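Per-entry structural report
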Amino acid sequence: MKQSAKKITAALLCMTMAAAFAGCGDYSEPAATTPDSTPTAESKNEEAPKEEAKDEAKTVGIAMPTKSLERWNRDGEYLKQQFEDAGYQVELKYSDNDTNQQNNDIQGMIADGVDLLLIVAIDGNALTQTLDDAKGANIPVIAYDRLIMNSDAVSYYVSFDNYTVGKLQGEFVRDQLKLDSEAGPFNIEFTAGDPADNNAGYFFNGAYDTLKEYIDSEKLVIPSGKKTFEQVATEGWSTDKALENMQNTLASYYSDGTVLDVALCSNDSTALGVAQAITSDYAGTNTPIVTGQDGDIANLRNIVDGIQTMTVYKNVSDEASVTLEVSKAILAGNTPDAGLLSSLSAEASYDTESYNNGVKNVPSYLLVPYVITKDSLQRLVDTGLYKWDSENKYLESTASTT
Ligand code: BGC
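Analysis parameters
Residues numbered from 1 in each chain as written. Predicted model: local features only at pLDDT ≥ 70, side-chain atom pairs only at ≥ 80, totals over all residues. Heavy atoms only, no water. Helix = DSSP H or I, 4+ residues; strand = E, 2+ residues; numbered from the N terminus. Buried < 20%, exposed > 50% of the residue type's maximum accessible area, 1.4 Å probe, protein only. Contact = heavy atoms within 4.5 Å. Areas by Shrake-Rupley, 256 points an atom, 1.4 Å probe, with all protein chains shown as cover. Axes fitted to C-alpha atoms, helices over the stretch in contact; angles between N-to-C directions. Parallel < 35°, antiparallel > 145°, perpendicular 65-115°, else oblique. Left-handed = near helix turned anticlockwise from the far one by under 90°. Nonpolar A, V, L, I, M, F, W, Y, C, P; charged D, E, K, R; others polar. Near = heavy atom within 4 Å. Polar contact = N/O pair within 3.5 Å; in protein donor to acceptor, adjacent residues only side chain to side chain. Phe/Tyr/Trp six-rings, centres within 6.5 Å; stacked < 30°, edge-to-face > 60°. Lys NZ or Arg CZ within 6 Å of the ring centre and 35° of its normal. Core = buried A, V, L, I, M, F, W, Y, C linked by side-chain atoms within 4.5 Å. Domains from an automatic or database assignment. Pairing = 2+ DSSP bridges. Right-handed = clockwise from strand over helix to strand, strands pointing away.

A closer look at the overall build of the chain
The number of helices and strands found in the chain is 12 helices and 15 strands. Looking at the chain as a whole, 54% of its 402 residues qualify as buried. A separation of at least 24 residues holds for 71% of the contacts in the chain among residues at least 6 apart in sequence. Total accessible area on the chain is roughly 16500 Å²; 47% of this is exposed by carbon and sulfur atoms.

Description of the packing of helix 8 (residues 239-253) against helix 9 (residues 268-281)
Axis separation between helix 8 and helix 9 bottoms out at 7 Å; the angle between their running directions is 40°. By the angle class used here, helix 8 and helix 9 are oblique. Pair helix 8 / helix 9 crosses with right-handed handedness. For the pair helix 8 and helix 9, contact is made by T239, A242, L243, M246, Q247 and L250 and by S269, T270, L272, G273, V274, Q276, A277, I278, S280 and D281, respectively. Residue composition of the contact of helix 8 with helix 9, by class: 8 nonpolar, 7 polar and 1 charged.

Focus: the site of the ligand
Near the ligand there are 13 residues, and of these D145, R146, D197, D294 and K314 occur at the shortest range. The contact in question runs from an oxygen atom of the ligand to an N or O atom on the side chain of W72, over 2.9 Å. The side chain of D145 places a nitrogen or oxygen atom 2.5 Å from an oxygen atom of the ligand. Protein chains shield 99% of the accessible area of the ligand, which is 310 Å² for the free molecule. Breaking the shell around the ligand down by element, the ones donating at least two residues are helix 2 (70-85) and helix 6 (198-216). Residue classes in the shell around the ligand are distributed as 4 nonpolar, 3 polar and 6 charged.

Re the packing of aromatic side chains
Taken as a whole and judged by the stated rule, the model has 12 aromatic pairs. Measuring from centroid to centroid gives 5.4 Å for Y202 and Y355, while their planes differ by 35°, and the two rings are tilted. Residue Y202 is found in helix 6, and its partner Y355 is found in the loop between strand 11 (348-351) and strand 12 (364-367); the two are separated by 153 residues along the sequence. For Y355, a relative accessible area of 5% gives the class buried. Clustering of aromatic rings is evident, with ring pairs tying together F190, F204, Y208 and F229. We note R301 situated over the ring of Y394; from NZ or CZ to the ring centre the distance is 3.8 Å. Across the ring face of Y370, the terminal group of R379 is positioned such that the distance to the ring centre comes to 3.5 Å.

Here we look at the nonpolar core
Of all hydrophobic cores here, the largest spans 77 residues; its most connected members are I62, M64, F83, F190, L211, L220 and V326. Shared between two domains, this core takes at least three residues from each, and those domains are domain 1 (54-160 + 315-368) and domain 2 (163-293).

Observations regarding the sheet that holds strand 5 (residues 154-160)
Overall, mixed pairing links the 7 strands, which are arranged 2-1-3-4-5-12-11 in an open sheet. For this open sheet the edge positions go to strand 2 (89-94) and strand 11, each flanked by a neighbour on one side alone. Strand after strand, the sheet turns through a mean of 20° between neighbouring axes, direction not considered. Two strands pair when backbone bridges link them, and strand 11 and strand 12 are joined in this way by 4 bridges, in the antiparallel orientation. Bridging across to strand 12, D351 finds its partner in S364. On the sheet, helix 2 packs against strand 1 (59-64), strand 2, strand 3 (116-119) and strand 4 (141-144) and is oriented at approximately 170° with respect to strand 2. Of the strands in this sheet, strand 1, strand 2 and strand 3 touch helix 3 (residues 99-111), which is tilted by about 175° from strand 1.

Examining the pairing of strand 6 (residues 186-191)
When a strand is regular, its side chains alternate between the sheet's two faces. Counting buried positions along strand 6 gives 6 out of 6 residues, so the element sits mostly inside the fold. Taking every second residue as pointing to the same face, both faces of strand 6 are buried, with F186, I188 and F190 on one and N187, E189 and T191 on the other. As judged from the 2 bridges shared by strand 6 and strand 7 (residues 220-221), these two strands associate in the parallel manner. Bridge pairing links F186 to L220 in strand 7. The handedness of the strand 6 to strand 7 crossover, carried by helix 6, is right-handed.

Below you can see the structure in the form of structure tokens.
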């Protein structure tokens, strides 16, 4: 019952989000949404009764990193919709992956008097002063998806178990190559994320730690020798940089016919570039395993076409619903804890010990990621956020059309 009710809610939300989401496939950075262009709680009043009348005047400031990475479009619009449906006003800003701009955007929201800040940090280490100002103005802060470092102003962290994301990628490679029974050796190259993003190290470590015993025993070989996070990081999670790095690796270490068995990529934006490099620059005749994360539309296409092998999916609607509940509790003057999860259908845990941001242990709600392959794409459709195209071949976002 719970499950299907959730699906229906997700589908309805997606339908109502459709207009706002149109153009999601074009990743140019639009002007930030201003409060003026954000529909207000009042303007929606006639259409739907408020869930929380006492909070109707409250405003939530949402700071997203960039529209150039697909997932933040999904998260931003989805969160905005959820908060508005619950009767809050929303100020949503995208900061073009520019740390200074994000600081300015958040300062703007503080000046506007928002009641709560939800932040996906571009650089987890670069918001300390701004968050001091938020604290001075008594504005609670939720770190959404990425932990914000070096600040005692962060009240809560809502994310996925990010180490497990990498672990799932590593386990997938282990199982596909049958590393416990096959003799090998197999060749692998790693591509990791943005060093400024606190999540990126967790993803890389989860994958590397899982495969380390095979690397140590030389059943898995890294022909480029690039085995540290720093050596394989991709600034800004940029597809173009991942493409360029992989082209360089292929030119330097694979032009002699060396076989590439695995390109372990931390997420879909980097996997997109790596897959492109393999398609254009790899001379071998085998199809390397390519991992990813997020369920971006272009990558799901590549999965259908056999150019990418898997993605680790993190359900945006679950992350948003936990965030909404945490926010509601804070705005109502309560202190959210593990009890909050009992009313939610999302699979998640409450952890007050694992995520230290350099200043404090930040109480964390951690959701559970899972693997998607060509054979399990229907599971994405079941979230309500995706649908099959007219040929029943590729997936589309339910929010990007109609
Ligand atoms: C998110 C990933 C995403 C990456 C780039 C990370 O912080 O957790 O889902 O792929 O940022 O946008």
